[in-house]
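For reference, the chains in residue letters:
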Amino acid sequence: MLLGVDVGGTFTDAVLVVGGRVVSAKAPSTPADQSLGVLAAISAALERAGSSAAEVTAFCHGMTVATNALLEGRGVPTALVITEGFTDIVELGRQNRPELYRLCATRPAPLVGAQLRFPAPERMTPDGPLRALTEAECRALARRVAGAGVESVGVTLLHSYRHPEHELELRNALAEEAPDVHVSLSHEVVGTFREYERAATTEVDAALSPLLGRYLRRLEQRGATAGLPEPAIMQSNGGLIDVASAADHASWTVLSGPAGGAAGAAFAAVAAGAPDVLCFDMGGTSCDVCVVDGGEVREQSAGEIAGRPLALPMLAVHTVGAGGGSIAWRDPGGALRVGPRSAGADPGPACYGRGGTEATVTDANLMLGYLAADAPLAGGVALDRERAERAIATLAAELGLAPLDCAEGIIEVANAEMTRALRVVTVQRGVDPRRFALLAFGGAGPLHAAAIADQLGITRIVCPRASGVLAALGLVISPRRRDVQRSVFLSGPALSAAAVSAIVAELGERARRALGEPEAALGATYELRYRGQAFELAIRGSTTPALGELREAFEREHDDRYGYRDAEQKLELVTIRVSATVPGAELELTAAGAPPIQRGRRAATLAGAELELEVVRGAPSPGTEIAGPAVVELAEATLLVPPLWSGSVDEAGTIMLERPR
Amino acid sequence: MIDPVALQVLTGAMHAVCEEMGAVLIRSAHSANIKERRDASTAMFAPDGEMVMQAEHIPVHLGSMPAAVAAVLGEQHAPGHSWILNDPYAGGTHLPDITVITPVFAGGELIAFAASRAHHADVGGPTPGSMPADSSTLADEGVVISPRVLDEAAIAELSAMMRQPDQRRGDLRAQLAANRAGVRRLQELHDRVGAATLRTAFAEVLDYAERRTRACLAALPDGTRTAHDVLEPRHGQLRIALEATVRGDSLRLDFSGTSAQHDGNLNCPLAVTRSACYFAIRVLTDPEIPPSAGAYRPIEVHAPKGCLLNARSPAAVVGGNVETSSRIADVVMGAFGRALGQGTMNNLTLGSEEVVYYETIGGGQGACPDADGPSGVHVAMSNTLNTPVEALELEFPLRVTEYSLRRGSGGEGRFRGGDGVIRELEALESLRYSLMTERRRHRPLGAAGGRPGAAGANLLDGEPLPPKATGELRPGQRLRIETPGGGGHGRPTSDSDWRNDWIVSERVAFLGLGIMGSRMAANLARAGFALTVWNRTPEKAERFCADHEAELATTPAEAAAAAEVVFTMVVDGAQVEQVLLGSGGVADGAGPGVLCVDCSTIGPTATRAIGATLHERGLRLLDAPVTGSAPRAEDGTLTIMAGGEESDFQRARPALEAMGKLIVHAGPLGNGQMVKVINNAVAATNAAVVGQAMLVAARADVDLDALTTVMGAGSGGSTMLDLKAGAMRAHDYSTLFKLAHMLKDVRLCLDEGEAAGAPFEFAAMTREILNAAMGRGLGEADFAALIEVLEGTAGIKLH
């Protein structure tokens, strides 16, 4: 029996997979100590499944401990050791300002202040040491760190991706002089060139690892007491690692939460026979967008969270600030606007009756009849239609609109915002959205899916039954994975098949050892560029690639992305990344065991017309036909099916909708 | 009229069209300049050439595209026929920015234009990268493309004239691809909503942006504000002057009074001037307003033809785009009371036959009225990334020896200006360097009492280089760039009620740090002026700089080069002339239009003569002698009487207010001096009369306390009685105002009176008394010492 637990902003979701059947449960998240909510969700799920902890064979966990700490700029007291003359590199960043016209908008403050950044009297060049770091200097530095009263230290020395000797010597000195201090070395955490990104990621790793370690040890203990196996932890790259490795490298798990959602979406897409999908996960305050291509979530070599760069491979998940709680308002030019301000979960939309008075997207959905006033939302929130109408009437008066027109306007504007974001994201990634199906999940995603699909020219919608717990489900099917990467800068005669294979083998050995799986499958990614370019393209290839293959794959990608290839130009292999993976559980979901649905009718307003929606409440069983205008009220999400859209439910319980082109 | 929902949806749709064009352009471009630095913009226009919407990734393109569409508007348009141009004098900005315009047709009718602009990494010309630091005409900067049809033949022909022609071809095709995406989306929109609605939508979006801008402008107080600043060309200075007038919900920005175009490359076509103004207005109003031409309807930008900001062909312009544009934004922001940022992109090019490396370096942002200015960022029209040290060292024969924040370079204030950056590079092979930098002499100003940021510095092995410099870097030599800090906002201490948000401090120099001068200069420093000082005996100036926020200059010329207003406070006309006009004097270092304010007392005739000579050298003079002795100089409560033109008086006024309490404009040049010498003659005569009165009383055995008490209470009283009676009785001549200086003033008064044909007998008698005191060796004593002469005549001593 497999267990997946995902911690979200409001709820912690647990799923148990028992022979293809998914049993899920929710418990309120407990931000102060997430492990409490985790255990509560697990025991609720076990109870619902009628099982015991002893039956759980694998426990996979996605959490937001590192994410939240980073968003709040909170870490343990940390020191940095950086090459002399460069101690400000994290603060300097890339010298661009975050906003063009708000001149005093700032990037997040460095996690480590100037007084805790120690200069290392050393200097490596691309060709080796210019100024060697002596043993005495190492010791002196280590003593200064020990005397600074910190819990952790990050070490970033220039050119350490190629010459890690000084970083390693420092680790030895720190181990003797400051044995209780956590050490993050930049060449181990990141391993690639570009000092700002490497240093900033190492800073995050150092400042958060002890925090994450404490949480994971607590969770492990509580789990062990409850009779659960050791958890496997989701990383940003969509693979799981053991607790000790995660505690050593918090920076690897910063996007643990969204990675689970993306993995679950990819799984659901493949299971539904739609391997090319645009995934659209809309919650209360934001929506996450990712592209699944051929059944795999697109990855990126690096990303950014809360304004801080992370030079680590991660699933490419893009967040847009529009959700059910987004507030509608009239701007000084007289236009109706939605967001970016959100009523969040507290006070929440006006219809939650918790003190919110401003009209939100959820209020509009309720007033128009898409949400049921008589059925509670996920988490047991009862909706108050009268409050929603009052909030919208106030805004409508300001705008000189009839209230119903105003409510439709709010939905239309919100949809336009999301469509715009989706279009730019897809065009930027070179994806024609019309080729894709739209996979909508999250509490609010399925409500807006059809309108957004229409605007993007998409004609298929996929709505999984487990829409509300897809992230937890994604965890249990994810592989275990360990990445090791290094910038190598091979070109000309140095770029030989033998040299590449040798490095891949070395990195692969390290990755397998770290994973504790000597037989783990190896995959290689090569970041290549034409000599002189300032950016690289990541190409997947064999672990013993022929150079011709590598060049051809790079040039094909270059041609596809940039519209040309340059046969004359020298190729440079900048970075090699090797991942060792052990596949996750094979899963085939069945739709059996769900209680029967109820059908009804409800008046609604859609595209300016009064009409009756067919209401399907509950999880429809395989073969059920659905035709718009209708709403399907799933356990944790509501799907709106406008006229022209229709479809049926597949064997896994997934609703597949289509419309004629 | 369309409803608020449709308005927002259509505004969003227009924005989406431009954004998608931008995404296509960036995605399909070949050069890192467009792909990575995103030096590119896209826009859509109504058929009449008005810009409906823009997606700018870099502010320097803001609002400058309409000129490009205007340049081809009158041509014959056909579906699929695109236009290309880069001529700064026919729709362009500077040559590397190439604009491609494609008309959009639907149903056989022209419904819109799609346009894209991108900074190409090279457009030919003698300098790789086409950003020469020392160009003097447009021809030095690359290939000039007048508006022409862009087809395959044109692409081949043009790219053949540029370096890396494959990349040029690729980037131009990417621009065409971006425009095609725009054409497609606009045609879809047209098919969906119909031609009439689309026309209405264009008009509505433009009107909407206009309404929002007007709402912001209406919130600003009406009135005219002025600001000016200077650029640092290879020779002399260039002045940018602005008069900004808010009237209701509109704004006029008038740059009359700006220097004429010059033979360097800091010139701007009007389009660049406009975009810099729009940038500043966007910062000052609401950045959420859609970047549409409607937003700029309420703003009128005027710059006289032939001036630096509206140059005539074929003036060189490459520096105008990267450096002057920053200064234009600065004066607009300065006029509205905002502290200034580093105001330069610190352009550095290093190269040999084999490699060329170009970088721009961030610096301090000016503080905002409610927040500290960020450190180490690009501040105005640019926002590009740096080159990582590791990438740089892997690619080029260079080593970075330091890259750090220049701590303390931001101006103090209630909110601090951001710190600049230190970047030091060592050559590993011989390389030619070329520096195009600004604010190496003129510090970025603070606002509302905030302190200025530190000026930047360029150093070659520790030796200073000028702001614009080219030369050879030998292996092992180090080039160190220290970028300027931003100005602070608000007085550093919060104990004052200083809340004048409209006052931006100015760069001033103060020459002459004697008893009065040092106290007056100290008040300027305290008020937050960016101050440079000079004194004939350097030790005094050094001591002053140790005690106050001020920069030290070794000559008057050097002090003047860092200032827009220069104060002089020296002993006599000869010294004033020496300091202003002598060798190494103010006129040798000051840029055009610098205002000299002479606070010394030298007489009207000498003042007018010096004023005439300064005028011939392009400088201005105000005479502003002061009364009140050292204690009032200390308190900043001097009386200051000024002569000169009204505009000059207004320019000097904020600084004068920092030093004095009563400030009077007495008429044309020299009148301040006239008022001053008459006043001093009266004071000296009055002092003599008080002295004689006390001697009479002493002879008659009258109690002097009784006498002075009664006189002080009534019609016999005077300031001299209050100030000098006690001193005379005590024979305490500790110097407040030297007797020799008083004699000089009385003589000046008599000379002027004689020249004008007016007698002043009492002053003449006083002159003789002062003369006699000089004979007794009392010239260095306070003029109360004239009592010694009177006591001699009376044959009695006061007690």
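Conventions adopted
- Residues numbered from 1 in each chain as written.
- Chains lettered and ligands numbered in written order.
- Predicted model: local features only at pLDDT ≥ 70, side-chain atom pairs only at ≥ 80, totals over all residues.
- Helix = DSSP H or I, 4+ residues; strand = E, 2+ residues; numbered from the N terminus.
- Contact = placed C-beta atoms within 7 Å.
- Buried ≥ 20, exposed ≤ 12 C-beta atoms within 10 Å, placed from the backbone.
- Domains from an automatic or database assignment.
- Nonpolar A, V, L, I, M, F, W, Y, C, P; charged D, E, K, R; others polar.
- Expected span 1.5 Å × (residues − 1).
- Pairing = 2+ DSSP bridges.
- Axes fitted to C-alpha atoms, helices over the stretch in contact; angles between N-to-C directions.
- Core = buried A, V, L, I, M, F, W, Y, C linked by C-beta atoms within 7 Å.
- Parallel < 35°, antiparallel > 145°, perpendicular 65-115°, else oblique.
- pLDDT = per-residue confidence, 0-100.
- Left-handed = near helix turned anticlockwise from the far one by under 90°.

*Asks:* It is not clear to me how the overall build of chain A should be interpreted in this structure. Could you clarify?
*Replies:* A tally of regular secondary structure across chain A gives 16 helices and 35 strands. In terms of principal-axis extent, the alpha carbons of chain A reach across some 80 × 60 × 55 Å. Residue pairs in contact within chain A that sit at least 24 positions apart in sequence constitute 68% of those at least 6 positions apart.

*Asks:* Help me understand the overall build of chain B, please; the structure alone is not making it clear to me.
*Replies:* A tally of helices and strands in chain B yields 23 helices and 28 strands. Summarising its shape, the C-alpha atoms of chain B cover approximately 115 × 65 × 50 Å along the three principal directions. With 799 residues in all, chain B has 60% of them scored as buried. Sequence separation of 24 or more characterises 72% of the internal contacts of chain B that already satisfy a separation of 6 or more.

*Asks:* Would you mind going over the domain arrangement of chain B with me for this structure?
*Replies:* By a widespread convention, an interface's size corresponds to the accessible area lost as its parts come together. Residues and elements named next belong to chain B. Assigned domains of chain B: these are domain 1 (4–212), domain 2 (343–490), domain 3 (507–669) and domain 4 (692–794). The distance between the C-alpha centroids of domain 2 and domain 3 comes to 31 Å. Every contact between the two is made by nine residues of domain 2 and, on the other side, seven residues of domain 3. Classifying every residue of the side of domain 2 that touches domain 3 by side-chain character gives two nonpolar, four polar and three charged.

*Asks:* What should I look at first to understand the domain arrangement of chain A in this one?
*Replies:* Assigned domains within chain A: domain 1 (328–412) and domain 2 (480–582). On a C-alpha basis, the centroid separation for the pair domain 1 of chain A and domain 2 of chain A is 51 Å.

*Asks:* Please explain helix α7 (residues 270–284) of chain B as it appears in this structure.
*Replies:* Over its 15 residues, α7(B) runs 21 Å from end to end, which matches the ideal 21 Å to within 8%, given 1.5 Å per residue. Buried residues dominate α7(B), accounting for 14 of its 15 residues.

*Asks:* Where do I start with the sheet that holds strand β33 (residues 638–641) of chain A in this structure?
*Replies:* What links the strands of a sheet is backbone hydrogen bonding, and the strands pair in either a parallel or an antiparallel sense. Residue and element names in this part refer to chain A. Spatial ordering of the open sheet is given by β29-β30-β32-β33, a layout of four strands whose pairing is mixed. Each edge of the sheet is formed by a strand with only one pairing partner; in this case those strands are β29 (598–606) and β33. Going across the sheet, the axis of each strand differs from the next one's by a mean of 25 degrees, ignoring polarity. Bridge analysis of strand β30 (residues 609–617) against strand β32 (residues 630–633) gives four bridges, and the strand direction is parallel. Following the sheet pairing, R617 is matched in β32 by E633.

*Asks:* Can you help me understand the environment of Q164(B) in this one?
*Replies:* Residues and elements named next belong to chain B. Note on placement: Q164 falls in the loop between α4 (152–160) and α5 (165–193). For Q164, a count of 17 C-beta atoms within 10 Å corresponds to the partly exposed category. Along the chain, Q164 and I26 lie 138 residues apart, while their C-alpha atoms are 18 Å from each other. Once residues lying within four places of it in the same chain are set aside, the contact partners of Q164 are A121 and D122.

*Asks:* Just to check I follow, could you spell out the pairing of strand β22 (residues 336–342) of chain A for this structure?
*Replies:* In regular strands, side chains alternate between the two faces of the sheet. All names here are of chain A. Of all seven residues in β22, five are buried, a share of seventy percent or more. Summarising the sheet, strand β21 (residues 326–330) and β22 pair through four bridges and their orientation is antiparallel. By the bridge assignment for β22, A328 is matched with V338. The antiparallel pairing of β21 with β22 creates a hairpin that spans five residues between the two strands, and G334 there sits at a positive phi of about 90 degrees.

*Asks:* Looking at this model, I keep getting lost on the interface of chain B and chain A. Mind explaining?
*Replies:* The interface of chain B with chain A comprises 57 residues on the first partner and 54 residues on the second. Counting residues per element, the ones that place at least two in the side of chain B that touches chain A are α1 (4–28), α2 (32–35), α5, α6 (195–218), α7, α9 (389–395) and β13 (398–406) of chain B. In terms of residues, the side of chain B that touches chain A owes the most to one element, α1(B), which gives 14 residues. Taken together, the residues of the side of chain B that touches chain A break down into 25 nonpolar, 16 polar and 16 charged.

*Asks:* Would you mind going over the nonpolar core with me for this structure?
*Replies:* Most often, soluble globular proteins keep nonpolar side chains buried together rather than apart. Counting 450 residues, the largest nonpolar core has L438(A), L439(A), M44(B), V332(B), V566(B) and L786(B) as the members making the most contacts within it. With 15 residues, α1(B) is the single largest residue contributor to this core. Setting aside its immediate chain neighbours within four residues, V332(B) contacts L242(B), A244(B), L253(B), C277(B), A280(B) and I281(B). In this structure, V488(A), V504(A), L515(A) and V578(A) belong to the second largest nonpolar core, which totals 20 residues.

*Asks:* Just to check I follow, could you spell out the packing of helix α22 (residues 761–775) of chain B against helix α23 (residues 786–794) of chain B for this structure?
*Replies:* Helix packing for two helices is described by the angle between their axes and how far apart those axes are. All names here are of chain B. The contact between α22 and α23 brings their axes to 8 Å, and the two run at 100 degrees. Comparing their axes, α23 and α22 come out roughly perpendicular. Together, I769, L770, A772 and A773 of α22 and L786, E788, V789 and L790 of α23 make up the contact between the two elements.

*Asks:* What is the right way to look at the sheet that holds strand β15 (residues 431–436) of chain B in this model?
*Replies:* Residues and elements named next belong to chain B. Overall, antiparallel pairing links the four strands, which are arranged β12-β11-β15-β18 in an open sheet. What marks the edges here is a single partner per strand, and that holds for β12 (356–359) and β18 (468–473). Going across the sheet, the axis of each strand differs from the next one's by a mean of 10 degrees, ignoring polarity. As judged from the five bridges shared by strand β11 (residues 347–351) and β15, these two strands associate in the antiparallel manner. Counted as the bridge partner of G351 is R432 from β15.

*Asks:* Looking at this model, I keep getting lost on the environment of P374(B). Mind explaining?
*Replies:* Structurally, P374(B) is set in the loop between β12 and α9. What makes P374(B) buried here is the crowd of 27 C-beta atoms within 10 Å. Spatially, the C-alpha atoms of P374(B) and Q261(B) are 33 Å apart, while their sequence positions differ by 113 residues. Apart from the residues lying within four places of it in its own chain, the contact partners of P374(B) are R97(A), C104(A), T106(A), Q365(B) and G418(B).

*Asks:* Could you clarify how one ought to interpret the confidence of the model for chain B in this entry?
*Replies:* Detailed conclusions should not be drawn from predicted coordinates in areas where pLDDT is low. All names here are of chain B. For chain B, per-residue confidence averages 91 on the pLDDT scale, and 98% of positions sit at 70 or higher. Strand β9 (residues 250–254) holds the highest mean pLDDT among the elements of chain B, 98, whereas α2 holds the lowest, 73. In this model residues 494–502 is a low-confidence stretch, pLDDT under 50, and it forms eleven contacts with partners more than four residues away in sequence or in other chains. For this predicted complex, the interface confidence reaches an ipTM of 0.87, while the overall pTM sits at 0.83.

*Asks:* In this structure, what is going on with the pairing of strand β8 (residues 238–247) of chain B? I would like to understand it.
*Replies:* Residue and element names in this part refer to chain B. Pairing between strand β7 (residues 223–231) and β8: nine bridges, direction antiparallel. Bridge pairing links T224 to T245 in β8. Where β7 folds back onto β8 in an antiparallel hairpin, the turn is made up of six residues, including G236, whose phi is positive at roughly 70 degrees. Sheet analysis places β8 next to β9, joined by five bridges and oriented antiparallel. Following the sheet pairing, R247 is matched in β9 by S250. Remark: two residues form the turn of the hairpin made by β8 and β9, two consecutive strands paired antiparallel; G248 in that turn has positive phi of roughly 60 degrees.

*Asks:* Would you mind going over the environment of D648(B) with me for this structure?
*Replies:* Residue and element names in this part refer to chain B. With respect to the element layout, D648 can be found in helix α17 (residues 646–659). Taking C-alpha positions, D648 is 7.3 Å from L595, a pair spaced 53 residues apart along the chain. Excluding anything up to four places from it in sequence, D648 contacts L595, R620 and L622.

*Asks:* Is there a simple way to think about the packing of helix α18 (residues 671–699) of chain B against helix α21 (residues 739–756) of chain B in this case?
*Replies:* Residue and element names in this part refer to chain B. It is at 8 Å that the axes of α18 and α21 come closest, and there the two elements cross at 115 degrees. α18 and α21 meet at a crossing whose hand is left-handed. Here M674, V677, I678, N680, A681 and A684 of α18 lie close against α21, whose contacting residues are M742, D745, V746, L748, C749 and E752. Residues that form the contact of α18 with α21 fall into these classes: nine nonpolar, one polar and two charged.

*Asks:* Even after reading the chapter, I still don't get unusual backbone geometry, so can you show me in this structure?
*Replies:* Most peptide bonds adopt trans geometry, and most residues besides glycine take a negative phi value. Cis geometry is adopted by the peptide bond preceding P629(A), which originates at G628(A) and carries an omega value of 0 degrees. Inspection of the secondary structure assignment puts P629(A) in the loop between β31 (625–627) and β32. Cis geometry marks the peptide bond from S313(B) to P314(B); its omega dihedral reads 0 degrees. Although it is not a glycine, H159(A) sits at a positive phi angle of roughly 60 degrees. Along the chain, the position of H159(A) falls in the loop between β9 (152–156) and α5 (165–177). For H159(A), a count of 25 C-beta atoms within 10 Å translates into the label buried. One non-glycine residue, N346(B), lies in positive phi territory at about 50 degrees. Mapped onto the elements, N346(B) comes out in the loop between α8 (318–335) and β11.

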